Amino acid sequence: MPRPSTLLVRLLVPCALLGSAVVAAPAHAASHSARHPALGRPAHDGVAVAATTPSSDVDVVLPLAVSPAVSRSVAALTHAHLPVPVRRARLRALAPSAEQSRRVQAWAARHGFAVIATTPWSVALRGRAADLAGAFGTALRSTSAQGTPFVAPRTAARVPRELAGLTAPAIGLDTRPIWSGRAAYGGGDVQVLTSTPVRGSAAGQGATVATVNLSGWHAADLTTYRRAAFGNGDVAPTVTSVTVGQGHIAATVLEDDLGAETEVALDAEAIAGVAPAAQQRMYFGANSQADYLLVLQRMAADLTDLDATNDFQTASTSWGACELGVPQASLDAMRSAISTITAAGATFFAASGDDGAFGCGDGETPAVDFPASAEDAVAVGGLTVHTPTPSYEPSAWSGSGGGCSSRVPMPFRQRTSGSPCSGRAVPDIASIADPLTGFWAYDFADEWLPVGGTSVAAPASAAGLADMMADTHVSSLATPFLDTAYAHPSAFYDVFVGDNGLYRATPGYDLTTGLGVPLWTKVEAAVTGGAEPTPQGYNQPLLAVDPSSDPTTLALRAPDGNDNPIPTLIANGEPVTGYDTTGSTCTSPTSYVPLTTPLPGTQGTVQLAMSVAGPGFPGGCLAVTRSVVVDTPVPTAPVPVVTYAGTTSPAYRFSWGVAGDSAPSSGIVLYAAFVTDLTTGTDVASFVTTGRAFPYPASPAFKAVPGHAYGIEVDAADRAWNVGYRTATFTAPYDDTKVALSKHLSGSTYVSDWSRAKSNADYLGSHVASARTGASFSFGFTAKTVTLGVLRTPAGG
C-alpha cells in the first residue's frame, strides 16, 4: 500500500513563507463526481517587486485637488441617464485645470523630483524615498513583507504649504505590495461560464474589455489557449498593452516563481473564452499603491480623451486587498478614479476576494475586499456549479468574498436591496469561482492549470456584458450597469444555497452572491428596453476534463450546459472504447455515455478531440480539442541537504536539487518541503515552490533545538498530479556549553581551568581558553563524526 501523500494533507496548512493558503481535496476518486486533487500553486501574494530602502528611488502619485462641488458633480454623472459623449464632455470640463497641473510640476522640478506621468487628475513623481517623505512632512520606517525590505511612512503624508489647494496627499510612500490576485487553484472539471449566450466565434466583436494587471506575463499563453479552444486556425483579435509607472509587459523570473503571471493569463483567457472576438486593452503597472492608482487614472483619461481608439466598454480587476489594510488616502483616490471610469460610460468589475467573509485572510475578522467595495465597482462574488441533469445548478462558493464595508458608505442604489449593511454591501453579482468546478487556463510555467477564484468570476462577467453589448450594437450604457441591475433584480438568477463562512445565500439580495447570476438575455432586455432574446446555448470553448486518481482515466463532462451525450471521443487519433461512435459526427447516440473511460497510452500527452451534439450550438454541433497529460510514474523527489546557517539559537538551512525526475514527460510543477521536530512530534515549518522545476529561490532556514532530532521531507508533484517524496533526518548537536571542562581545587572551592569568551567567528557563538597546564575537556556524542577547533597560541603553552 503506497504511503498517503503528505503533500495532499499538509497543504491544508497556510504556507508560512509564501503566506498563501492552498486548497486540498481527496486524493482518490470515489465516484464519477470525484474532483481533481487540489494541489495548486500558492496564490499571488508573494512579493514580486523590488525591495526598497530610504535611499531607493520610488514613485508617488499626487492626485490633483478638486472642490466638494466637483466631486458631487462627478458622483451625479455615475447615475445620470445621459448619452456617453455628454458625460465625457462634462468630465473634461470638471477636470482640474492645466494651470493647476503645471504649478505642481514646477514645484516638483524645484525640489529635484522627476515628473514621470500626468493625467487630467494627477501628477506622478519619481525621487529618492527619504527625500519624497521629507517633502510631504513625514519620515520613513523600514518594514518588510515575506522577507523583502520595504518602507512605509511613520505618519500620514501631508500636503506641503506650496501645494495647499493644489493636490491631495501623496500616494506611494508606503511601498509594500499589498495587492494580491484573487485566483484559487484546484481541480476544475466543469468549465462553464454561467449563462453566457453563444454567439459563435464573432462573440464580442466590436467591443473592448480592459484589464488591470500588476504583473508581467507571457503573451504567447493567450495564443496557446485560443488554439486549444478554437483550433489552430484561430486568429486572435488585437491585444493592446499600456504600461504606467514601473509596469512592464513581459514576466520576470520572480513573477514566474510567485505565480503572478498566471493571474494576467487567467484574466485574458477568461475574457477570450466568453467573448472571443472582443478586443482586449491590458493596462500594466507594478504591484504598488502608486501604480494601481496610476492604472485607474490612465483608464479614466483614455475614456475621456477625444481619441476613440482608447475606448473600452467594460473593465475588470482581479487584484485586491483587505479593505482594512488599504491606507485612507489610497482608498479615497482609487474610489474617485473608479467613479470617473463609471461616469465616462464604462463598467468596472472587481473580484470580491477568495477568503469568504473574512477578507483579511485570518478566518476571524469580517472584512471585504477593496476595490470591490468601491461604490461604483461591480463587485463579483463566487459560485460553485453543480452538474445534475438537466442543467447546471449554482450555489454560493465558500470562498466568495462578501460582507459589509466599514469604510465606504452605502450607495443609494443599495438602499432598497434588502442588504443588512449600514455601509457598502459586497458583492453585487456572482459567477463561477470554485476551483473544483472552475476554469482551465494555460500558463507558461505550469501549462494547463485548473483555476478558480473570483479572478475568474470578474473577467468572465466583464466579457459577458461586452458580449451582450456587441450583440445588440450598444457601444455604451446610458444608465450605469449597477443602477440597471438593482432596478431589475429579476434579470439575475437568484442563488439561495450555500454560504461564505459567515453569511448565507438567501432568496433576494445576500452578502455571498449579491443579486445572483446575470442572465444576460434578461439583462439585455433591461438595458435596451426591448424584448428578451431567445437563448442560443452557452459558450463552452474547452473540453471539460478531470484527471482522476488513476492518471490513465478521465472523467468527462458534456460541455454544453445540459449534459448532452457525447457521441465521439478520439484520443491520439484512436476512438476511445465505451463511446457510441456510430452515425455522423454530431448525431446524438441513443445510449448515455459513461462518465469515465480509460485512455490509450500510459504516459505522456494525449490529444483529445470531442464532438458534442446539442440544440444550443450553432449548427447543432460543437467540436473541441485539447491536450491532456496522462502519466503513471510517480516522480522521484530529491533528497534534502541540511547545512548549518547561524551563530545564535542554532539555525539550519536546507536545500534540494532537481535530479532524478522519473517522469520527464510531465515534469515537476510543485515542490513542498516540511520540517518536523521528531523529538517532540511537532511541525516546525513548511515551504512551497511555485510551479517551476527548481528549488525554492532562497534556501529556507529554521531554528533547531540542540539535541533534538529533525525530519525533512521534500514532496514533488508532476503535471499529472502524481506525488513522490524523499526524506532526511539529522540531530542538532549540543553547543559547546555542554562540554565538561576540567576544574582545579583552589582552597576549598573547585574553579574552572577554562575561561569563556564570544566571537562572531565562533561556530556556535562562544569559545573557551585555558593557560593552565593539564587543563582538559570531555564530551560524548553518538554521530559518526565530530569536528573540533583547537588553537594554540604562543602565550598558551
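Residues numbered from 1 in each chain as written. Predicted model: local features only at pLDDT ≥ 70, side-chain atom pairs only at ≥ 80, totals over all residues. Heavy atoms only, no water.

## Observations regarding the pairing of strand β8 (residues 208-213)
In regular strands, side chains alternate between the two faces of the sheet.
Thought 1: Of all the 6 residues making up β8, 6 are buried; the element is thus mostly covered by neighbouring parts of the structure.
Thought 2: The alternating pattern of β8 places T208, A210 and V212 and V209, T211 and N213 on opposite faces, both of which are buried.
Thought 3: In terms of strand pairing, β8 meets strand β10 (residues 279-284) through 6 bridges, oriented parallel. Bridging from a neighbouring strand, V209 pairs with Q280 of β10.
Thought 4: Pairing between β8 and strand β11 (residues 314-317): 4 bridges, direction parallel. Each bridged residue has a counterpart across the sheet, and for A210 the counterpart in β11 is A315. (Buried < 20%, exposed > 50% of the residue type's maximum accessible area, 1.4 Å probe, protein only. Helix = DSSP H or I, 4+ residues; strand = E, 2+ residues; numbered from the N terminus. Pairing = 2+ DSSP bridges.)

## Thoughts on the sheet that holds strand β1 (residues 57-63)
Thought 1: Read from one edge to the other, the open sheet built from 3 strands follows the order β1-β3-β2, with strand pairing classed as antiparallel. Each end of this open sheet is capped by a strand with a single partner; those strands are β1 and β2 (114-119). The mean inter-strand angle of the sheet, taken between neighbouring strand axes irrespective of direction, is 20°.
Thought 2: Here β1 runs beside strand β3 (residues 122-128); their pairing, made up of 7 bridges, is antiparallel. Bridged to D57 within β3 is R128.
Thought 3: Contacts from helix α4 (residues 98-110) reach β1, β2 and β3 within the one sheet, and its direction differs from that of β3 by about 5°. (Axes fitted to C-alpha atoms, helices over the stretch in contact; angles between N-to-C directions. Contact = heavy atoms within 4.5 Å.)

## Re the packing of helix α11 (residues 454-471) against helix α13 (residues 520-528)
Thought 1: Running from N to C, α11 and α13 cross one another at 55°; their axes reach a closest spacing of 10 Å. Taken together, the axes of α11 and α13 are oblique relative to one another. The interaxial crossing formed by α11 with α13 has right-handed handedness. Between α11 and α13, the residues in contact are S461, G464, L465, M468 and D471 and W520, V523, E524 and V527, respectively.
Thought 2: For the contact of α11 with α13, a count of residues per class yields 5 nonpolar, 2 polar and 2 charged. (Parallel < 35°, antiparallel > 145°, perpendicular 65-115°, else oblique. Left-handed = near helix turned anticlockwise from the far one by under 90°. Nonpolar A, V, L, I, M, F, W, Y, C, P; charged D, E, K, R; others polar.)

## Details of the state of the cysteines
Thought 1: Counted under the stated rule, the structure contains 2 disulfides.
Thought 2: Between the sulfur atoms of C404 and its disulfide partner C421 the distance amounts to 2.0 Å. In this structure, the disulfide formed by C404 and C421 twists by about -75° around the S-S bond and is classed as left-handed. Of this pair, C404 sits in strand β17 (residues 403-409) while C421 sits in the loop between β17 and β18 (423-426), and the two are 17 residues apart along the sequence.
Thought 3: Under the relative-accessibility criterion, C404 is labelled partly exposed at 30%. (Disulfide = S-S within 2.5 Å.)

## Description of the pattern of salt bridges
Thought 1: Enumeration over the complete set of coordinates arrives at 15 salt bridges.
Thought 2: Across the salt bridge formed by D302 and R298, the nearest N and O atoms sit 3.0 Å from each other. With D302 and R298 both in helix α9 (residues 289-304) and 4 residues apart, this pair spans about one turn of that helix.
Thought 3: Note on R298: relative accessible area 30%, which makes it partly exposed.
Thought 4: Several salt bridges share partner residues, and in doing so they unite R281, R298 and D302 into one network. (Salt bridge = Lys/Arg side-chain N within 4 Å of Asp/Glu carboxyl O.)

## Some thoughts on the side chain of T472
Thought 1: Its place among the elements puts T472 in the loop between α11 and α12 (481-487).
Thought 2: Among the polar contacts made by the side chain of T472, one reaches the main-chain carbonyl oxygen of M468 at a distance of 2.9 Å.
Thought 3: At a separation of 3.3 Å, a polar atom in the side chain of T472 contacts the main-chain carbonyl oxygen of M469.
Thought 4: Not counting residues up to four positions away in its chain, the partners in contact with T472 are E524 and T528. (Polar contact = N/O pair within 3.5 Å; in protein donor to acceptor, adjacent residues only side chain to side chain.)

## Section: the pairing of β2
Thought 1: Inspection of the sheet shows β2 paired to β3 by 5 bridges, in the antiparallel sense. Note on β3: the bridge partner recorded for A117 is A124.
Thought 2: Here β2 hands over to β3 after 2 residues, the two strands then running antiparallel side by side.

## As for the environment of A470
Thought 1: Position of A470 relative to the elements: it lies in helix α11.
Thought 2: Not counting residues up to four positions away in its chain, the partners in contact with A470 are G204, Q205 and A207.

## Details of the nonpolar core
Thought 1: Judged by nonpolar contacts, the single largest core of 52 residues is most densely connected at L296, M299, F312, I341 and F348.
Thought 2: Of all the secondary-structure elements, those providing two or more residues to this core are α2 (68-77), β8, α9, β12 (319-322), α10 (328-343) and β13 (347-351).
Thought 3: It is α9 that provides the largest number of residues to this core, a total of 10 residues.
Thought 4: Counting residues in each nonpolar core, the second largest holds 36 residues, with A278, M469, L477 and F492 among its members. (Core = buried A, V, L, I, M, F, W, Y, C linked by side-chain atoms within 4.5 Å.)

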